[in-house]
Amino acid sequence: MNVMFLFVVAAVVVVLLFISIVNRYRRCPSDKILVIYGSKSNKSSARCVHGGGAFVWPIIEDYAYLSLTPISIDANLTNALSKQNIRVDVPSRFTVGISTEPECMNAAAERLLGLTASQIQELARDILFGQLRLVIATMSIEELNNDRDKFLESISANVEVELKKIGLRLINVNVTDIKDESGYIEALGREAAAKAINEAKVRVAEQDKVGEIGKAEAMRETRVRTAEANAVAVQGENQAKVEIANSDAIRREAEAEAGRKATAAERVQQAKAQQEAYAAEREAEEARAERERSTQTANILVPQEIEKRRRIIEAEAEAEKVRVNAKGEADAIFAKMEAEAKGIYEVLIKQAAGYDKMVQAAGGDANKAYMLLLLEKLPELVKTQVEAVKGINIDHVTVWDSGNSADGKGSTANFVSGLMKSVPPLNELFDQAGLNLPAYLASKQTKAEPEQPASEEA
């Protein structure tokens, strides 16, 4: 009895253990990711399973699910700054979801597990706004408006990288109409519409031209056939005339219709030509204004700048000329003075050498040498004394004689004697020079002039 009881208890325990083990095996739906956490058997903090199932150890492990349902996010970006510094509004809608790549699933398990769909949506919206502003800042308005494929590719490339960091992937992006606060995009639309209208008008005119050409060919064919009919209608002239009249009527009607179409086409072309003329005149006025500005600049600023540079160059040239002239004059004066000094120096050297030889010839007596020099100059001194009274015209001198003469000399004789005495005698010249007249000259002078006292000869 006891054995049976133990057997039943063991069987119940085994069954319960089996049931608990079976209950810990979790299958993962296709629209979810099974995240098993608790035990860290590998480098990742959780084990992610997509599709299939996995055993969850009781007590040491637990599990949770991440939904793969796409999340739609409205990203109505406003006042985004483009490459041209123009602020634009970019209403867009992004569709994101948790990625099933192994690395992205682990990142989602680490960062999104436990968050609600709205919380994941807000987190993704912040990332999308930042990357969307970054992409718009690298593109111009024309690229945003015209090249939508490039815009979407740039958004996908930038957003995908940032979303992978939190385990998300970009499924779809849809950008609606882009607007700017300055009206630049609207102006581009009007420009494109006007261009399309003008191209349509050109195509209409081309078709009118084709119609006119076809009509002219039809008229030519009519004339040819009419001529042929006239040629073969010898037997039925009246019938031919009727056909000719009918043909003329058709021709006139066709010509009237062609004239009407030609007039309409001409008016269209005139209107287009006038529009182009207005545009050309506007461009011409702008070019003329620019040319006037350039002319004013060239007439006022450029001559003043040239005059300023010319004056600077002239002043520098004048200063250089003055410096060169001053240096030349200084060099010339220095050379002249140096030459004069050399000449004087040579004269003095020669005179000194001559005086030295003269002193040596005089036996070393300097006084005798000076006497020799004076003797050499004696003829010139005598000549000078004679020249002093040489030019006196005696015929024009009137002397009144009172008759009271002494020593038998008349007034005329005394006048001539006094005139000769006014010339300094040689002995006085020698005295002034600090020398003594030679004895033979002094004795002769004493004999020639006995009337002078001895004190004067001394």
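Residues numbered from 1 in each chain as written. Predicted model: local features only at pLDDT ≥ 70, side-chain atom pairs only at ≥ 80, totals over all residues. Heavy atoms only, no water.

**So, the overall build of the protein**
Inclusion rule: In this description a helix means any DSSP run of H or I spanning at least four residues, a strand means any run of E spanning at least two, and both kinds are numbered starting from the N terminus. Summary of the burial criterion: residues with accessible area below 20% of their type's maximum are buried, those above 50% are exposed, and those between are partly exposed, where the area comes from a 1.4 Å probe applied to protein chains only. Accessible surface is estimated by sampling points in the Shrake-Rupley manner with a 1.4 Å probe; for residues, cover comes only from the protein chains shown.
Along its length, the protein carries 12 helices and 9 strands. Per-residue burial for the protein yields a buried fraction of 18% across its 458 residues. Of the accessible surface of the protein, which amounts to about 32,700 Å², a share of 57% is contributed by carbon and sulfur atoms.

**Observations regarding the nonpolar core**
Counted only if it meets this: For the purposes of this section, nonpolar cores are sets of buried Ala, Val, Leu, Ile, Met, Phe, Trp, Tyr and Cys residues that join through side-chain atoms within 4.5 Å. Contact between two residues is taken to exist if any of their heavy atoms lie within 4.5 Å; hydrogens are not considered.
The biggest cluster of nonpolar side chains holds 41 residues, and the ones touching the most others in it are Ile136, Phe151, Ile155 and Leu163. Per element, the largest residue contribution to this core is 7 residues, and it comes from helix H3 (residues 117–137). Contact partners of leucine 163, with chain neighbours within four places excluded, come to Val96, Ala124, Ile127, Leu128, Leu168, Arg169 and Leu170. Core analysis: the next-biggest nonpolar cluster, separate from the first, contains 6 residues, Leu34, Ile36, Val49 and Ala54 among them.

**Here we look at H3**
Note the threshold: The span you would expect from a helix comes to 1.5 Å times its residue count less one.
Helix length check: H3 (21 residues) gives 30 Å between terminal C-alpha atoms against 30 Å at 1.5 Å per residue, within 8%. Those residues of H3 that sit buried are Ile120, Ala124, Arg125, Ile127, Leu128, Gln131, Leu132, Val135 and Ile136. Close packing links the buried residues of H3 with strand E6 (71–81), strand E7 (87–98), helix H4 (141–146), helix H5 (148–164) and strand E8 (168–175).

**Quick look at the side chain of arginine 125**
Along the chain, the position of arginine 125 falls in helix H3. Arginine 125 sits in the buried class, given a relative accessible area of 15%. If we ignore the near neighbours within four places in the chain, the residues touching arginine 125 are Ile73 and Asp74.

**Notes on the sheet that holds strand E2 (residues 32–37)**
Sheet strands associate in pairs through backbone hydrogen bonding, adopting either a parallel or an antiparallel arrangement. Note the following rule: The criterion for strand pairing is that DSSP finds at least two bridges linking the strands in question. Lines fitted to the C-alpha atoms define the axes, with helices restricted to the stretch that makes contact. Angles between their N-to-C directions range from 0 to 180 degrees.
Taken together, 3 strands build an open sheet; the order of strands is E3-E2-E5 and the sheet is antiparallel. The two strands at the open ends of the sheet, each matched to only one other strand, are strand E3 (46–49) and strand E5 (62–67). Across the sheet, the mean angle from the axis of one strand to that of its neighbour is 25°, orientation sign disregarded. One ladder, built from 4 bridges, connects E2 with E3; its direction is antiparallel. Residue pairing in the sheet places valine 35 in a bridge with cysteine 48 of E3. Taken strand by strand, helix H2 (residues 102–111) contacts E2, E3 and E5, and its axis lies near 125° from that of E3.

**Structural notes on H5**
Let me state the cut-off plainly: The directions considered for the arc are those from the helix axis to the C-beta atoms.
Over its 17 residues, H5 runs 24 Å from end to end, which matches the ideal 24 Å to within 8%, given 1.5 Å per residue. Here H5 has its buried residues at Phe151, Ile155, Val159 and Leu163. Buried positions in H5, seen along its axis, are confined to an arc of 75° and lie on one side of it. Away from its buried face by more than 90 degrees, H5 exposes Asp149 and Glu153. The inward-facing, buried residues of H5 contact E7, H3, H4 and E8.

**With respect to the packing of H3 against H5**
Quick reminder of the rule: For classification purposes, angles smaller than 35 degrees are called roughly parallel, those larger than 145 roughly antiparallel, those between 65 and 115 roughly perpendicular, and all remaining angles oblique. Should the near helix be turned anticlockwise from the far one by less than a right angle, the crossing is left-handed, and should it be turned clockwise, the crossing is right-handed. As a working rule, the residues Ala, Val, Leu, Ile, Met, Phe, Trp, Tyr, Cys and Pro are called nonpolar, Asp, Glu, Lys and Arg charged, and the rest polar, with Gly in that last group.
Between H3 and H5, the shortest axis-to-axis distance is 9 Å and the interhelical angle comes to 140°. As summarised for this structure, H3 and H5 are arranged oblique, according to the angle between their axes. Where H3 crosses over H5, the handedness of that crossing is right-handed. Judged by residue contacts, Ala124, Ile127, Leu128, Gln131, Leu132, Leu134, Val135 and Ile136 of H3 engage Phe151, Ser154, Ile155, Asn158, Val159, Glu162 and Leu163 from H5. A class-by-class count of the residues in the contact of H3 with H5 yields 11 nonpolar, 3 polar and 1 charged.

**Details of the confidence of the model for the protein**
Where we set the bar: Scored between 0 and 100, pLDDT is the confidence that the predictor attaches to each residue.
Counting all residues, the mean pLDDT for the protein is 76, and 77% of those residues have values of 70 or more. Element-level mean pLDDT values for the protein span from 35 in helix H12 (residues 454–457) up to 86 in H3. Note that pLDDT drops below 50 for residues 443–458; the model gives that stretch 10 contacts with residues more than four away or on any other chain.

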